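These are the residues of each chain, in order.
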Amino acid sequence: MKGSTILVVEDDAALQEALCDTLELSGFHTITADDGRMAMDILANESIDMVVSDVQMQRMDGHALLREIKTRDAAMPVLLMTAHGSIERAVEAMREGAADYLVKPFDAEVLVIMVSQYVSANN
């Protein structure tokens with residue numbers, strides 16, 4: 001749903017900005033984190049409707065972040081993104097509760113469609 005708050009977790013500053021711009025142009029509000037630990041701090045203090053996270057990050061990667069989020073809020077939709085996609089990792093992420101798994105590069109339109117779909121399904 002438009003106006004929903006999306007937490008974008010991405011350690012590449014340029015990509016983080018591009019993801020936020022894409023989502024904001026589509027009517028979403030974004031909050032950013034550079035890694036999983038920062039994301040968990042934000043989730044503890046902000047009202048977030050969905051998490052979009054990179055997989056490859058220092059301190060806490062996307063899979064560890066997914067597991068942490070699901071122990072605290074099983075209903076929170078989490079979309080993982082990676083440039084190093086493998087079917088095995090995608091299947092593992094889905095089993096752990098990921099809403100979906102995007103392999104970079106992907107079209108901005110695909111991100112907006114997925115976020116719209118999972119946010120509206122969760123509200």
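Here's what I pulled together on the structure shown here. Being a predicted model, the structure only gives us computed values, none of them experimental. (Residues numbered from 1 in each chain as written. Predicted model: local features only at pLDDT ≥ 70, side-chain atom pairs only at ≥ 80, totals over all residues. Heavy atoms only, no water.)

### Concerning the pattern of salt bridges
- Here the structure, examined in full by the defined rule, presents six salt bridges.
- Residue Asp54 pairs with Lys104 through a salt bridge whose shortest N-O separation is 3.0 Å. Remark: Lys104 occurs in the loop between β5 (100-103) and α5 (108-122) and Asp54 occurs in strand β3 (residues 50-54); sequence separation between them is 50 residues.
- Overall, the relative accessible area of 5% leaves Asp54 in the buried class.
- Of the charged contacts, one joins Arg89 and Glu92 as a salt bridge, the two residues approaching to 3.0 Å between their closest N and O atoms. One end of the pair is Arg89 and the other is Glu92, both in helix α4 (residues 87-95) and three residues apart, which spans about a single turn. (Salt bridge = Lys/Arg side-chain N within 4 Å of Asp/Glu carboxyl O. Helix = DSSP H or I, 4+ residues; strand = E, 2+ residues; numbered from the N terminus. Buried < 20%, exposed > 50% of the residue type's maximum accessible area, 1.4 Å probe, protein only.)

### Quick word on α5
- For α5, built from 15 residues, the straight-helix expectation of 21 Å at 1.5 Å per residue is met to within 8% by its first-to-last C-alpha distance of 21 Å.
- Looking at the buried side of α5, the elements it contacts are β1 (5-9), α1 (13-25), β3, β4 (78-82) and β5. (Expected span 1.5 Å × (residues − 1). Contact = heavy atoms within 4.5 Å.)

### Observations regarding unusual backbone geometry
- The omega angle of the peptide bond from Lys104 to Pro105 is -5 degrees, so this bond is cis rather than trans.
- Turning to its location among the elements, Pro105 is positioned in the loop between β5 and α5.
- Positive phi outside glycine occurs at Arg59, with the angle close to 70 degrees.
- Along the chain, the position of Arg59 falls in the loop between β3 and α3 (62-72).
- Residue Arg59 is classed as exposed on the basis of its relative accessible area, which comes to 57%.

### Let's talk about the environment of Ala44
- Within the secondary structure, Ala44 sits in helix α2 (residues 36-45).
- Taking relative accessible area as the criterion, Ala44 reaches 58% and is therefore assigned exposed.

### A word on the environment of Ile31
- When you line up the elements, Ile31 lands in strand β2 (residues 29-33).
- Residues Ile31 and Ala99, spaced 68 residues apart in sequence, show a C-alpha to C-alpha distance of 19 Å.
- In contact with Ile31, not counting residues within four places along its chain, are Thr5, Ile6, Leu7, Val8, Ile42, Glu46 and Ile48.

### Things to note about the side chain of Lys104
- Residue classification places Lys104 among the buried residues on the basis of a relative accessible area of 19%.
- Among the polar contacts listed, one links the side chain of Lys104 to the side chain of Asp54, at a separation of 3.0 Å.
- Ignoring sequence-local partners within four residues, the contact set of Lys104 consists of Glu10, Leu15, Asp54, Met81, Thr82 and Ala83. (Polar contact = N/O pair within 3.5 Å; in protein donor to acceptor, adjacent residues only side chain to side chain.)

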